[in-house]
Protein chains: 2
Amino acid sequence: MKSIQIGILGCGTVGSGVVKLIQENGDLLQQRLGGRVVIRRIADVDIHRRRNVEVDPTLLTTDATAVLEDPEIDIIVELIGGCDVALRFCREALNRKKHLVTANKALLATHGLELYRTAAAQRVSIGFEASVCGGIPLIRAMKDGLVADRVRSIIGIVNGTCNYILTTMTESKRPFAEVLAEAQAHGYAEANPSFDVDGIDSAHKLQILATLAFGAYVPFDRIHVEGIRQIDASDIEYARELGYRIKLLAIAKQRNGELEARVHPALIPEDNLLAAVGGVHNAVYVVGDAVGSLMFYGRGAGQMPTASAVVSDIAEIARGLLHDPTARGVPPPPISDAEAKIKDMASVRSCYYLRIMAIDKPGVLSRVTGILGSNNISLVSVIQKGREEQSAVPIVMMTHEAVEGDMQRSLLAIDQLDVVDRPTMCLRVEGVTD
Amino acid sequence: MKSIQIGILGCGTVGSGVVKLIQENGDLLQQRLGGRVVIRRIADVDIHRRRNVEVDPTLLTTDATAVLEDPEIDIIVELIGGCDVALRFCREALNRKKHLVTANKALLATHGLELYRTAAAQRVSIGFEASVCGGIPLIRAMKDGLVADRVRSIIGIVNGTCNYILTTMTESKRPFAEVLAEAQAHGYAEANPSFDVDGIDSAHKLQILATLAFGAYVPFDRIHVEGIRQIDASDIEYARELGYRIKLLAIAKQRNGELEARVHPALIPEDNLLAAVGGVHNAVYVVGDAVGSLMFYGRGAGQMPTASAVVSDIAEIARGLLHDPTARGVPPPPISDAEAKIKDMASVRSCYYLRIMAIDKPGVLSRVTGILGSNNISLVSVIQKGREEQSAVPIVMMTHEAVEGDMQRSLLAIDQLDVVDRPTMCLRVEGVTD
């Protein structure tokens, strides 16, 4: 029986999941691959920590270099996370002509181009299915399923923490801070939730998906990123009354040679499939020129879903090696030398939801609509919520499609009105259609 | 520039789509694969028919054998359909060590085992992404994405025609026959709609998916198949009132070493994602032991979505050959020698919806519930719809989980009651949960 030896770097939650899955489904995997996947070494900073799986102590080492240098190891599995040590180890693995599997989205979003190119130059494979939406086979769908398609757009709910918070806010009508605290207590949100709730994690995933789908490198810092901290329970309620749900979306759209790349909360129509994606689930909607609309849904995080994706990458490389031990790796999809041409956020077009907190007195509406009109923004509807003379009441507006720059100029002017007592809430509306 | 030569057998709707897609996205494909996919010959029974794509007339031939025998051709693409000529040509292609791509679900559902084994023996690849749900990369997800997972269940809406009919019946409250006629007029249903509306097409797809997912051959004739002809507009309405939608589902579930394999209409809760899948769309819900629940959604048919899947298979094989021209094909996933152990339909457990047409007079309900009770079936709810003394009125019942055999015995007895004037409608309820 032929076997493929793997070395794991980092044995925290996901690493333990990978060990567990290979232990539990190893026979099945062997049957499917025609050979065995064998864990040869596991490097971790703490080889004594408690894990929810029995790890053979003779496999554990604190010396990652020993794993990287082991000539018997075919595939290095990087599950350390972050961009410091992980980058160094990934570089070293590739330069030693080891195939690489990583779940590290932050690393790929910021140093992916270097790693993809090194893998191609060294003729080894780099698998990163687990870096985007855990167990949903999205990277594979992009690389292989849509290989004949020109991708037009990607719109996804790619952060389970934010989706859990927004879903819970919607269902329980409670404020962000309270729901976040509860999510932290349940382990659905980190003690420092910034990566998730400020949209950074979603932007990492968008960078990886968009670079793959459009074949041109998307510089991470060119992605427009807004999080969900500012969403008020009232916005969720008003959106609901208008027939929408609020979701944090990662959006990439190619139009006329320019790429929109943005992460922000948005209103989506309640009859849209993405609106029905609740709790910690992820879903990504992709439109290709031949295939039309596709949607992929599942658990975007968690120990075993992520481990499932990691092992699927190990298996794909192992299948190739078992088939032909001298085989070169499958090169990552080609990425053009020129960076993707990112559309300036100010020229992006969208419909908008506005909640203006204005003193309830005559003439206010005409001043606000005057500002919008002079910036080429026309309204679909205006609803004043409540009535309380001389105090601030919400005015909820839905606009026709407008240009972001015009909207930002309007907001500056509206918020300077003496009758407006708080910054206006402005959310984009995303249509997500065929 | 290296190139891969393909020969296409059958140039109807899907064949023309493949030609079109390779023409339109050929450069993109070349960029992604590092080599060119070249159509060398196209065999069709009618080389003069009108197509929505310009086909170089020198490529066309009526002689399929010439295509099969061409030594320059690497990949044969079978798009003829049916099980007669197509089977002969597919066998011949494989025996000549040509890689094979086919969209032919009827062929694979009935002769797949032979073809998979021939491909493995000849060491060539067989691609069949397009055979199930058109452009949705489901076969790939099963083979590669879920390679580390033990699949627990597959529940899918896999026939666009039926879903269109049921969705339209739900929205417009019109009867089956009328909506079917309209679907035929719009080209969403065939002149002979039996394959679709009687569930056969769904069973073909289920056979392919289940054989792949569970690694054991599912004999096509062991799949329990019911279609949607008998669904009454009133059933859709009553289901709706109870919080359900009616969908034609293809279901495969592995439990205790036995496989349930069945196609039938079923009630699903309205808050379930599958309930939101409307019109001609398809969606398949898969549960794996590590990855949890996944759902795949998209257009399950149509010229370009299907072509997208066909070309993705061509591309995958081409990528391998371009990489290494002497490479053997990727073997199809292993299928055990023993057939899948299919659970007897009579022992399947389910909750049920019943619509009994009974004369509205005292004592009827006690006779019906007496029969159910003596067959170990207990009720969740009973609603009599309308009131019209001495004529038949619908009594709608929802049951707790029961055994199919008990239900069939009950139905026989109920329909023999003198107060019941029409066969009782019985539909299963499918929960679709994590």
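Here the structure is a predicted model, which is why all the values come from computation and not from measurement.

So, how was this worked out
- Residues numbered from 1 in each chain as written.
- Chains lettered and ligands numbered in written order.
- Predicted model: local features only at pLDDT ≥ 70, side-chain atom pairs only at ≥ 80, totals over all residues.
- Heavy atoms only, no water.
- Patch = residues over 30% accessible without salt bridge, like charges linked within 9 Å, V, L, I, M, F, W, Y side chains within 5 Å.
- Areas by Shrake-Rupley, 256 points an atom, 1.4 Å probe, with all protein chains shown as cover.
- Salt bridge = Lys/Arg side-chain N within 4 Å of Asp/Glu carboxyl O.
- Lys, Arg positive; Asp, Glu negative; His and termini not counted.
- Charge placed at Lys NZ, Arg CZ, Asp CG, Glu CD.
- Helix = DSSP H or I, 4+ residues; strand = E, 2+ residues; numbered from the N terminus.
- Buried < 20%, exposed > 50% of the residue type's maximum accessible area, 1.4 Å probe, protein only.
- Least-squares fit on C-alpha atoms with pLDDT ≥ 70 in both.
- Contact = heavy atoms within 4.5 Å.
- Arc of directions from axis to C-beta.
- Buried area = accessible area lost by both parts, 1.4 Å probe.
- Polar contact = N/O pair within 3.5 Å; in protein donor to acceptor, adjacent residues only side chain to side chain.
- Nonpolar A, V, L, I, M, F, W, Y, C, P; charged D, E, K, R; others polar.
- Pairing = 2+ DSSP bridges.
- UniProt positions renumbered as here; feature names shortened; annotations may be inferred.
- Core = buried A, V, L, I, M, F, W, Y, C linked by side-chain atoms within 4.5 Å.
- Phe/Tyr/Trp six-rings, centres within 6.5 Å; stacked < 30°, edge-to-face > 60°.
- Domains from an automatic or database assignment.
- 1 Å grid on protein atoms, 1.4 Å probe; cavity = no way out; pocket = protein on both sides within 12 Å on 5 of 7 lines; lining within 4 Å.
- Points joined across faces, edges and corners; volume = space filled by probe spheres on them.

Enquirer: How should a positive patch on the surface be read in this particular structure?
Expert: On the surface, Lys2(A), Lys97(B), Arg123(B) and Arg328(B) cluster together to form a positively charged patch. Looking at where Arg123(B) falls in the secondary structure, it is placed in the loop between helix H5 (105-122) and strand E6 (126-127). Look at Arg123(B) and you get partly exposed, because its relative accessible area is 48%.

Enquirer: Sorry, what's going on with the relation of the copies chain B and chain A here?
Expert: What relates the two chain copies is a rotation about an axis together with a slide along it. Between the two copies, chain B and chain A, the superposition gives an RMSD of 0.0 Å; the rotation angle is 180° and the shift along the axis is 0.0 Å. What the rotation and shift describe, once combined, is the action of a two-fold rotation axis. Of the C-alpha atoms belonging to chain B, the one lying closest to the rotation axis is found on Phe296(B), 2.4 Å away. By residue overlap, the copies meet face to face through one surface: 100% of the interface positions of chain B are interface positions in chain A.

Enquirer: What exactly am I supposed to notice about helix H3 (residues 85-95) of chain A here?
Expert: Because an α-helix packs 3.6 residues into every turn, residues spaced three or four apart end up facing the same way. All names here are of chain A. Residues of H3 that are buried include every one of Ala-86, Leu-87, Phe-89, Cys-90, Ala-93 and Leu-94, and no others. Down the axis of H3, the smallest arc covering the buried residues is 165°, so these residues share one side. Turning to H3, the residues buried within the fold contact strand E1 (3-9), helix H2 (64-69), strand E4 (75-78), strand E5 (99-102) and helix H4 (105-122). Just downstream of H3 lies Lys-97, where phi reads positive at about 60°.

Enquirer: Quick question: what am I supposed to make of the interface of chain B and chain A here?
Expert: For interface size, the figure often reported is the accessible area lost on association. On the chain A side, the residues contacting the 50 residues of chain B number 50 residues. Of all residues in chain B, Arg32(B), Val147(B) and His323(B) bury the most surface against chain A, accounting for 15% of the area lost on that side. The tally of links from chain B across to chain A stands at two salt bridges. Linking Arg319(B) and Asp144(A) is a salt bridge whose minimum nitrogen-to-oxygen distance equals 2.9 Å. Across the chain B-chain A interface, the total number found is 18 residue pairs in polar contact (both at pLDDT 80 or more). For the side of chain B that touches chain A, the elements supplying multiple residues, two or more each, are helix H1 (13-24), helix H2 (26-33), helix H6 (138-145), strand E11 (281-288), strand E12 (292-299) and helix H12 (303-323) of chain B. With eight residues, the single largest contributor to the side of chain B that touches chain A is H12(B). Its residues assigned to classes, the side of chain B that touches chain A comprises 26 nonpolar, eleven polar and 13 charged. When strand E12 (residues 292-299) of chain A meets E12(B), the two strands line up antiparallel, connected through five bridges. Within E12(B), the residue paired with Phe296(A) across the bridge is Phe296(B).

Enquirer: Help me out: how do you make sense of the pairing of strand E11 (residues 281-288) of chain A in this one?
Expert: Consecutive residues of a regular strand have side chains that alternate between opposite faces of the sheet. Residues and elements named next belong to chain A. In terms of residue burial, E11 counts as a mostly covered element, since eight of its eight residues are buried. Residues His-281, Ala-283, Tyr-285 and Val-287 of E11 are buried on one face, and the alternating residues Asn-282, Val-284, Val-286 and Gly-288, pointing to the opposite face, are buried as well. As paired elements, strand E7 (residues 151-157) and E11 share six bridges and run antiparallel to each other. Note on E11: the bridge partner recorded for Gly-156 is Val-284. In the sheet, E11 pairs with E12 via eight bridges, with the strands oriented antiparallel. The residue bridging Val-284 from the neighbouring strand is Phe-296, located in E12. Hairpin connection, E11 to E12: the antiparallel pair is bridged by three residues.

Enquirer: Could you clarify how one ought to interpret the UniProt feature "binding site: NADP(+)" (unreviewed entry) in chain A in this entry?
Expert: Residue and element names in this part refer to chain A. Within the UniProt annotation, "binding site: NADP(+)" (unreviewed entry) is assigned to Leu-9, Gly-10, Cys-11, Gly-12, Thr-13, Val-14, Gly-15 and Ser-16. Of note, Gly-15 is situated in helix H1 (residues 13-33). Overall, Gly-15 belongs to the buried group, its relative accessible area being 1%. If near-sequence neighbours (up to four positions away) are discounted, Gly-15 is found in contact with Gly-10 and Leu-79.

Enquirer: Whenever I open this one, the environment of Arg140(A) confuses me. Can you help?
Expert: Tracing the chain through its elements places Arg140(A) in helix H5 (residues 138-145). Along the chain, Arg140(A) and Val348(A) lie 208 residues apart, while their C-alpha atoms are 29 Å from each other. Beyond its immediate chain neighbours, meaning those up to four positions away, Arg140(A) contacts Glu129(A), Gly145(A), Ser312(A), Asp313(A), Glu316(A), Asp144(B) and Gly145(B).

Enquirer: In this structure, what is going on with the nonpolar core? I would like to understand it.
Expert: A general trend in soluble globular proteins is that nonpolar side chains are found buried together. By size, the foremost hydrophobic cluster in this structure holds 168 residues, and its most contacted members are Ile154(A), Ile165(A), Ile228(A), Ile154(B), Ile165(B), Ile228(B) and Leu267(B). Every residue in contact with Ile228(B), bar those within four places of it in the chain, is listed here: Cys162(B), Ile165(B), Leu166(B), Phe176(B), Val197(B), Leu248(B) and Pro265(B).

Enquirer: Would you mind going over the packing of aromatic side chains with me for this structure?
Expert: The relation between two aromatic rings is expressed through the spacing of the ring centres and the mutual angle of the planes. For the coordinates displayed, the defined rule picks out five aromatic pairs over all chains. Measuring from ring centre to ring centre gives 6.0 Å for Phe296(A) and Phe296(B), while their planes differ by 90°; the resulting arrangement is edge-to-face. Taken together, the positions of Phe296(A) in strand E12 and Phe296(B) in strand E12 put the pair across two chains.

Enquirer: Would you mind going over the domain arrangement of chain A with me for this structure?
Expert: Residue and element names in this part refer to chain A. According to the domain assignment, chain A consists of domain 1 (3-134 + 302-323), domain 2 (139-299) and domain 3 (345-429). Counting residues at the interface gives 19 residues for domain 1 and 15 residues for domain 2. Roughly 1600 Å² is buried in total at the junction of domain 1 and domain 2, and carbon and sulfur atoms are behind 64% of that figure. Broken down residue by residue, the surface that domain 1 buries against domain 2 is led by Ala-109, Val-132 and Cys-133, which jointly contribute 34%.

Enquirer: How should the sheet that holds E1(A) be read in this particular structure?
Expert: To summarise the sheet geometry, strands pair through backbone hydrogen bonds and adopt either a parallel or an antiparallel arrangement. All names here are of chain A. Judged by pairing direction, the sheet is parallel, and its six strands sit side by side in the order E3-E2-E1-E4-E5-E6 without closing on themselves. Where the open sheet ends on each side, the last strands, each with one partner, are strand E3 (60-61) and strand E6 (126-127). Note that strand E2 (residues 36-43) and E3 share two bridges and pair parallel. Within E3, the residue paired with Ile-42 across the bridge is Leu-60.

Enquirer: Whenever I open this one, empty space enclosed by the protein confuses me. Can you help?
Expert: The gaps left among the atoms become clear once a water-sized probe is rolled over them. Applying the stated criterion across every chain yields a total of four cavities of 30 Å³ or more. Reported here for the largest cavity is a volume of approximately 90 Å³. The wall of the largest cavity is formed by Arg32(A), Arg319(A), Met142(B), Lys143(B), Leu146(B), Val147(B), Val151(B), Leu212(B), Ala213(B), Pro333(B) and Pro334(B). Secondary-structure elements contributing two or more residues to the lining of the largest cavity are H6 and helix H10 (200-214) of chain B. Here the lining of the largest cavity is composed, by residue class, of eight nonpolar, no polar and three charged.

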